[in-house]
Amino acid sequence: MSFKVPENRKYLESHEWVNVTDGTAKIGISDFAQDELGDVVFVELPSEGDELTQGDEFGVVESIKAVSDLYSPVSGTVTAVNGDLENTPELVNEDPFGDGWMLEVEVDDQSELDDLLSAEEYRNQIE
């Protein structure tokens, strides 16, 4: 099976993605990760204003098969949380790179992106 791995994002080995535009990072989990988890039934996310540190846990995704910790690809302040996931967590399965996004973060240090996997490196990891 071939998974979507958009080129315009960076990835953590733990399957989170980040897409930075004008200093704001949008964060979610990859197509591969949602497939491995199965049907997502609950997503626990931080609150707006919370500080994240690159590599630290920021939340939890619960599926019918497993509970998985979420790790932040960047350090910064949470500026938005996808409230739709509270009532429709299956968006993570249906559209992991779109409507299933989880957080927006104001990035503290853009050079942290250099530590992340490119789309090609991530593709090599999951194949």
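Each remark here, short or long, concerns the structure printed above.
Given the structure is predicted, the values throughout are model-derived calculations rather than measurements. (Residues numbered from 1 in each chain as written. Predicted model: local features only at pLDDT ≥ 70, side-chain atom pairs only at ≥ 80, totals over all residues. Heavy atoms only, no water.)

Draft legend 1. Highlighting the sheet that holds strand 6 (residues 57-63). Here we have three strands laid out as an open sheet, ordered 4-6-7, and antiparallel in their pairing. Among the strands making up the open sheet, the edge pair consists of strand 4 (40-44) and strand 7 (67-71). Taking each pair of neighbouring strands and ignoring which way they run, the sheet shows an average axis angle of 25°. (Pairing = 2+ DSSP bridges. Helix = DSSP H or I, 4+ residues; strand = E, 2+ residues; numbered from the N terminus. Axes fitted to C-alpha atoms, helices over the stretch in contact; angles between N-to-C directions.)

Draft legend 2. Region of the structure containing the packing of aromatic side chains. Under the criterion given, the structure shown has three aromatic pairs. When the ring of Phe3 is compared with that of Phe32, the centres are 5.2 Å apart and the planes differ by 85°; the resulting orientation is edge-to-face. Remark: Phe32 occurs in helix 1 (residues 31-37) and Phe3 occurs in the segment before strand 1 (10-11); sequence separation between them is 29 residues. Take Phe3: its relative accessible area is 16%, and that puts it in the buried class. Accessibility expressed as a relative area gives 14% for Phe32, which makes it buried. (Phe/Tyr/Trp six-rings, centres within 6.5 Å; stacked < 30°, edge-to-face > 60°. Buried < 20%, exposed > 50% of the residue type's maximum accessible area, 1.4 Å probe, protein only.)

Draft legend 3. How the structure looks around the nonpolar core. Core analysis: the largest hydrophobic core is formed by 24 residues, its most contacted members being Val74, Met102, Leu103 and Val105. Secondary-structure elements contributing two or more residues to this core are strand 3 (24-29), helix 1, strand 4, strand 6, helix 3 (91-94) and strand 9 (103-107). Not counting residues up to four positions away in its chain, the partners in contact with Val105 are Gly23, Thr24, Ala25, Ile27, Leu52, Val74, Ser75, Gly76, Thr77, Val78 and Thr79. The next biggest cluster of nonpolar side chains, apart from the first, holds 12 residues, and it includes Phe3, Tyr11, Ala119 and Ile126. (Core = buried A, V, L, I, M, F, W, Y, C linked by side-chain atoms within 4.5 Å. Contact = heavy atoms within 4.5 Å.)

Draft legend 4. Structural view of the pairing of strand 9. Going residue by residue along strand 9, you find Leu103, Val105 and Val107 tucked away on one face and Glu104 and Glu106 left uncovered on the opposite face. Taken together, the four bridges between strand 3 and strand 9 define a ladder with antiparallel strand orientation. Note that in strand 9 the partner of Thr24 across the bridge is Glu106. Sheet topology note: the strand 8 (residues 76-81)/strand 9 ladder contains five bridges and is antiparallel.

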